[in-house]
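The primary structure of each chain is shown beneath.
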Amino acid sequence: MSPAAISEPSSPLDSSSPSNPNRPKILVPEKVSPEGLALLRTLYEVDVLQGLSPEDLISKIPSYHGLIVRSETKVTSSVLQAGRKLRVVARAGVGVDNIDVPAATSQGIIVVNSPSGNIVAAAEHTIALLLATARNIGRADSSFKNGKWERSKLVGVEVGRKTLGIIGLGKVGMKVARMAIGLGMKVIALDPYASPDMARQAGVEAIVPSLGDLLPAVDFLTIHTPLLASTLNLLGEEEFKKMKSSARVLNVARGGVYNEEALLKALDEGWIAGAGIDVFTEEPPKEGSAAQRLARHEKVVSTPHLGASTVEAQENVSMDVCTQVLEILRGGLPTAAVNAPLILPEEYKRLEPFVRLVERMGSLYTQHFAVRNASGGRRFELVYHGELAEITNTRPLFAALVKGLVSSISDAGGRDVNIVNATLIARERGIAIDEKHVRNEVPVYNSLVSLRSFETTAADEAPVGQVIEGYVSGKSIFISKLDRFAANFTPEGTLLILHNYDQPGKIGNVGMVLGKHAINIKFMQVAGLNREAREAAAKEAATASSTEEDGPVVAVETASSSDGGGGDPKKEALMLLGVDGEITEGVVKDLGEAEGILNVSLVRL
Ligand SMILES: NC(=O)c1ccc[n+]([C@@H]2O[C@H](COP(=O)([O-])OP(=O)(O)OC[C@H]3O[C@@H](n4cnc5c(N)ncnc54)[C@H](O)[C@@H]3O)[C@@H](O)[C@H]2O)c1
Ligand SMILES: O=C(O)[C@H](O)COP(=O)(O)O
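Each chain carries its own residue numbering, running from 1 in the written order of its sequence. Chain letters and ligand numbers both follow the written order, the letters beginning at A and the numbers at 1. pLDDT decides what is reported in this predicted model: residues at 70 or higher carry local features, side-chain atom pairs at 80 or more are listed and counted, and totals for whole chains, interfaces and linings draw on all residues regardless. Water and hydrogen atoms were dropped before computing side-chain values, which therefore reflect all heavy atoms in the structure.

An unreviewed UniProt entry annotates the protein chain as D-3-phosphoglycerate dehydrogenase of Rhypophila decipiens. UniProt positions are given in the numbering used here, feature names are shortened, and annotations may be inferred rather than shown by experiment. In UniProt, the protein chain has this text filed under Subunit (unreviewed entry): "Homotetramer." According to the UniProt record, the Pathway (unreviewed entry) comment for the protein chain reads "Amino-acid biosynthesis; L-serine biosynthesis; L-serine from 3-phospho-D-glycerate: step 1/3."

### A word on the site of ligand 2
Close to ligand 2 lie R70, S71, R91, A92, G93, V94, G95, N118, R254, H305 and A308. Contact distances for ligand 2 include 2.6 Å between an oxygen atom and a backbone N or O atom of V94. Within 3.5 Å is the distance limit for a polar contact, defined as a pair of N or O atoms, with the added protein rule that one can donate a hydrogen and the other accept it, and that residues adjacent in sequence qualify only through two side-chain atoms. The contact in question runs from an oxygen atom of ligand 2 to an N or O atom on the side chain of H305, over 2.6 Å. What sets the accessible areas is the Shrake-Rupley method with a 1.4 Å probe; for residues, cover comes only from the shown protein chains. Out of a free accessible area of 310 Å², ligand 2 has 91% covered by protein chains. Think of it as three bins: nonpolar holds Ala, Val, Leu, Ile, Met, Phe, Trp, Tyr, Cys and Pro, charged holds Asp, Glu, Lys and Arg, and polar takes everything else, Gly as well. Classifying every residue of the shell around ligand 2 by side-chain character gives three nonpolar, five polar and three charged. Proximity is defined per residue: if any heavy atom of the residue lies within 4 Å of a molecule or strand, that residue is considered near it.

### Some remarks on the UniProt feature "domain: D-isomer specific 2-hydroxyacid dehydrogenase catalytic" (unreviewed entry) in the protein chain
The residues that UniProt annotates with the feature "domain: D-isomer specific 2-hydroxyacid dehydrogenase catalytic" (unreviewed entry) are residues 26–339. Within the segment residues 26–339, helix and strand shares are 37% and 15% respectively, and the terminal C-alpha atoms sit 20 Å apart. Helical segments are the DSSP runs of H or I of at least four residues, strand segments are the runs of E of at least two, and each set is numbered from the N terminus.

### Remarks on the pairing of strand β21 (residues 494–501)
Burial analysis of β21 places seven of its eight residues in the buried class, which makes it a mostly covered element. Pairing geometry for β21 and strand β23 (residues 572–580), over eight bridges, is antiparallel. The residue of β23 that forms the bridge with N500 is A573. Paired strands, as defined in this entry, are two strands with at least two bridges between them according to DSSP. For β21 and strand β24 (residues 597–604), the ladder comprises seven bridges, and the chain directions are antiparallel. Note that in β24 the partner of H499 across the bridge is N599. Only protein chains enter the area calculation, which uses a 1.4 Å probe; residues under 20% of their type maximum are buried, those over 50% are exposed, and those in between are partly exposed.

### Considerations on the UniProt feature "domain: D-isomer specific 2-hydroxyacid dehydrogenase NAD-binding" (unreviewed entry) in the protein chain
Following the UniProt record, the feature "domain: D-isomer specific 2-hydroxyacid dehydrogenase NAD-binding" (unreviewed entry) maps to residues 127–307 here. In the segment residues 127–307, helix accounts for 34% and strand for 15%; the C-alpha atoms at its two ends are 11 Å apart.

Put into structure tokens, the structure is as follows:
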């Protein structure tokens, strides 16, 4: 498997049964090869609705979880905002210039593409246009079909031994280079980011430093850069004037890299001899536009954006993106996300249980602590101990914490926090997270994660003493510390956390309240003060007993056997109850009023 870009899986959308009204839906407003769509149909509802206007798209998108497009659909921020359920936008091809990627990122929508499914097709199309422009194939075909026999008017030029200039020596550019060299051409290139070694190995004679070095030297010029601010109008009148009058230019990348008006002028004025153009600033070009005049120009061989239109390429890109959409919607990994950082699949596999753990720790924090301490705790330290500290790419853990912290208080319409938008959401909510790697030996478990909150209001930012620790055993996750209490429970389901004094009959009291409300107890655990807390309490007691006549009784042992008569009124513990059934405010109130109970939190994980 190739390096993958991932989003930490948010809660998977299962419910794939065809009869389930919540079955995830995917909209495909363009022609996408059926192979990939068939794969998606096994789990999801797929609607192919071609010919939608921008308004139609905005009105339809709210019910869809996935959108698969090619180059014709403009995925604007309005479309993305209307797509309240959207989790993924897939581009069945390479270029994502028709998708507002920053808007998708800010909404936590993953954008994926197929980075190499159509590169052979694009390179072959470039070579087709190279030969077609050299030998006037377009004009010859149409004149012959119109009953003419114009042999002397249609004399061409050879490409062998000529120089081809390539701007953009990436995936397509490099393939074009190899093919052109196979045709006996000399290739020189301009690409500030290309590897000179790889270029040399492919047979490229030189990587030149500037357009000024490239343009006068070439007989043919082809562009294979994306359309970026830096490549828009890369060639204008000045540049065309520097070229040989016999030169021909090609564009199978994106309309707009050659300024279309300038190219028309260059052809009309004879600054260059011809062009082969597949892509235009407007597709399809509007009546009378420069794009349309270019497409119809007699010195131009034009094709309607056919670079990727081969049976093979369409199958490739369809399979590439549909596989990713399938995975993302069930909480898995995309292999080519445009707006997520890279992580290896095996690395993610190792992190996965910790992602679950950290998300639950965040959610537990918000529901157990933040509810009672709304004033502080917006700065956090997430510390990775032991083997986990060796992992450098902890981005999924960061995202999981943000997700956990905000999920129970989020009103974002169910929009998931994920690896794509976690930083942004944390910033918006004033959450600061410091990640620390402590390469210490962790007793018992190989890896431990601790979450500590800090007051941000206090000038010295002293810890407020709220700590949650957890560990992973196999694939199971456990909380081992909750504030000053040593615990050992699986953070899942509905939990009631009761802070109490150890008093006889307390468990019976709690049981009676829950019984009265018909709440079923699935498990119960009593967490006593942890070692540091016990030592601190013992120290305090020692100091107090040396100054007081009747020293207080303090907690010096875990509270796990705390209900067994003769309880200690000063001994604190946490009673953890996993429960079934509806926990109303009335239940929480009644529990809070039970004897010996200091406070109660209801936590849903
Ligand atoms: N017509 C079609 O149907 C079709 C099909 C496939 C790809 N494409 C387009 O082809 C283009 C290239 O695709 P790719 O897969 O080779 O991309 P790529 O990312 O592999 O390569 C792009 C190259 O352009 C270089 N580059 C960027 N800015 C540059 C600049 N200012 N000057 C020189 N070089 C620069 C980069 O360094 C990179 O090497 C994309 O725009 C893609 O959408 C079109
Ligand atoms: O960027 C691409 O992949 C190509 O331009 C192909 O576009 P298409 O999918 O609309 O043919």
